[in-house]
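Each chain, written out:
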Amino acid sequence: MTQVSMNTLVERAISGTAIVSFPTDTVPALATLPDRSELIFAAKRRSQDKPLILMAASAEDLWGYVDGSPADFQVWEQVAQSVWPGALTLVLPASAKVPVAMNPIDPTTIGLRVPNCTLARKILQQTGPLATTSANLSGQPPLESMAEIEAQFPEVLALQPSELPTIATASSLPSTVAKWTGSGWKILRQGAVQLE
């Protein structure tokens, strides 16, 4: 792993030439441009039936990636306002804007999240929404330190230690994943957030 400045990390993420890693409110993320999602699938040796999550600095940055009725959007926005930024991933119907590479087996849905981590949102404000997942080889526990990530993913770019604040709020629990069924929510993974 190459440790770089915030500016370099953002530039390389925007260029689509690198996978980057940064802290979130849960476990550290691997991230790339949505249309370069295959980079993450290859690096993690991840099965195509495990879609990536689209992470952004704000809910407004994400709504263009989903497709629903005005009534649906009202429900989604209400949940987003009550929980985001936070450890909740909403799986919603995908719009045509979502690259198939993010969810190759079922491109009709997309998982969305706004992390409760100032540093992650600062990066995402500059890059726009990124395709993300936990930093680990598929099927293994999420890596929690930069040293572990460096050992497993030498090609990934991460922030220099001087650019990393002490993040006390990070949880080793992954985000809760809730899928919209058309009439309500189905919890696919119970994580850090309880969804009413």
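About the cut-offs
- Residues numbered from 1 in each chain as written.
- Predicted model: local features only at pLDDT ≥ 70, side-chain atom pairs only at ≥ 80, totals over all residues.
- Heavy atoms only, no water.
- Helix = DSSP H or I, 4+ residues; strand = E, 2+ residues; numbered from the N terminus.
- Rg over C-alpha atoms; globule rule 2.2 N^0.38 Å.
- Buried < 20%, exposed > 50% of the residue type's maximum accessible area, 1.4 Å probe, protein only.
- Core = buried A, V, L, I, M, F, W, Y, C linked by side-chain atoms within 4.5 Å.
- Contact = heavy atoms within 4.5 Å.
- Pairing = 2+ DSSP bridges.
- Axes fitted to C-alpha atoms, helices over the stretch in contact; angles between N-to-C directions.
- 1 Å grid on protein atoms, 1.4 Å probe; cavity = no way out; pocket = protein on both sides within 12 Å on 5 of 7 lines; lining within 4 Å.
- Points joined across faces, edges and corners; volume = space filled by probe spheres on them.
- Nonpolar A, V, L, I, M, F, W, Y, C, P; charged D, E, K, R; others polar.

A. Molecular detail of the overall build of the protein chain. Of the regular secondary structure elements, the protein chain holds five helices and 10 strands. Since a compact globule built from 196 residues should have a radius of gyration of about 16 Å, the 16 Å found for the protein chain is in line with a globular shape. C-alpha extents for the protein chain along the principal axes are approximately 45 × 35 × 30 Å. Sorting the 196 residues of the protein chain into buried and exposed places 52% on the buried side.

B. Structural context of the nonpolar core. Ranked by internal contacts, the top residues of the largest apolar core, which has 42 residues, are Trp63, Trp84 and Leu88. Elements supplying a minimum of two residues to this core: α2 (38–44), α3 (70–83), β5 (88–93), β6 (109–113), α5 (146–152) and β9 (176–180). It is α3 that provides the largest number of residues to this core, a total of five residues. Sequence-distant contacts of Trp63, that is, excluding residues within four places in its chain, are made with Phe73, Trp76, Glu77, Ala80, Trp84 and Leu92.

C. Representation of the sheet that holds strand β8 (residues 157–159). The strand order across the open sheet built from 10 strands is β1-β8-β2-β3-β7-β4-β6-β5-β9-β10, with neighbouring strands paired in mixed fashion. Across the chains shown, the open sheet's two edge strands, defined by having one partner strand only, are β1 (2–4) and β10 (185–189). Strand after strand, the sheet turns through a mean of 35° between neighbouring axes, direction not considered. As paired strands, strand β2 (residues 20–22) and strand β3 (residues 29–32) are joined by three bridges and run antiparallel to one another. By the bridge assignment, Ser21 is partnered in β3 with Leu30. Helix α1 (residues 6–15) rests against β1, β2 and β8 of the sheet, and its axis sits at about 150° to β8. Running over the sheet, α3 touches β5, β9 and β10 and is turned about 170° from β5.

D. How the structure looks around the pairing of strand β7 (residues 130–134). Of all five residues making up β7, four are buried, and the element is well covered by its neighbours. Examined bridge by bridge, β3 and β7 share four bridges and lie antiparallel to one another. Its bridge partner being in β7, Ala31 is matched across the sheet by Thr132. As defined by bridge partners, strand β4 (residues 53–55) adjoins β7 across three bridges and the pair is classed as antiparallel. Following the sheet pairing, Met55 is matched in β7 by Leu130.

E. Main features of the environment of Leu130. Topologically, Leu130 is positioned in strand β7. Ignoring anything within four residues of it in the chain, the contact list for Leu130 reads Phe22, Ala31, Thr32, Leu33, Pro34, Ile53, Leu54, Met55 and Leu124.

F. Layout of helix α4 (residues 118–127). Every buried residue of α4 is listed here: Leu119, Ala120, Arg121, Ile123, Leu124 and Thr127. Its buried side turned inward, α4 meets α1, β2, β4, β7 and β8. Among the residues trailing α4, Gly128 stands out with phi positive, at a value near 80°.

G. Spatial organisation of the layout of surface pockets. Within this model, the largest pocket holds a volume of roughly 710 Å³. In terms of lining, the largest pocket is formed by 36 residues, of which the most central are Arg46, Pro51, Ile53, Thr133 and Arg189. Put simply, the parts of the chain that give the lining of the largest pocket at least two residues each are β4, β5, β6, β7, β9 and β10. Considering each element in turn, the lining of the largest pocket owes the most residues, four residues, to β6. Of the residues that constitute the lining of the largest pocket, the class distribution is 14 nonpolar, 14 polar and eight charged.

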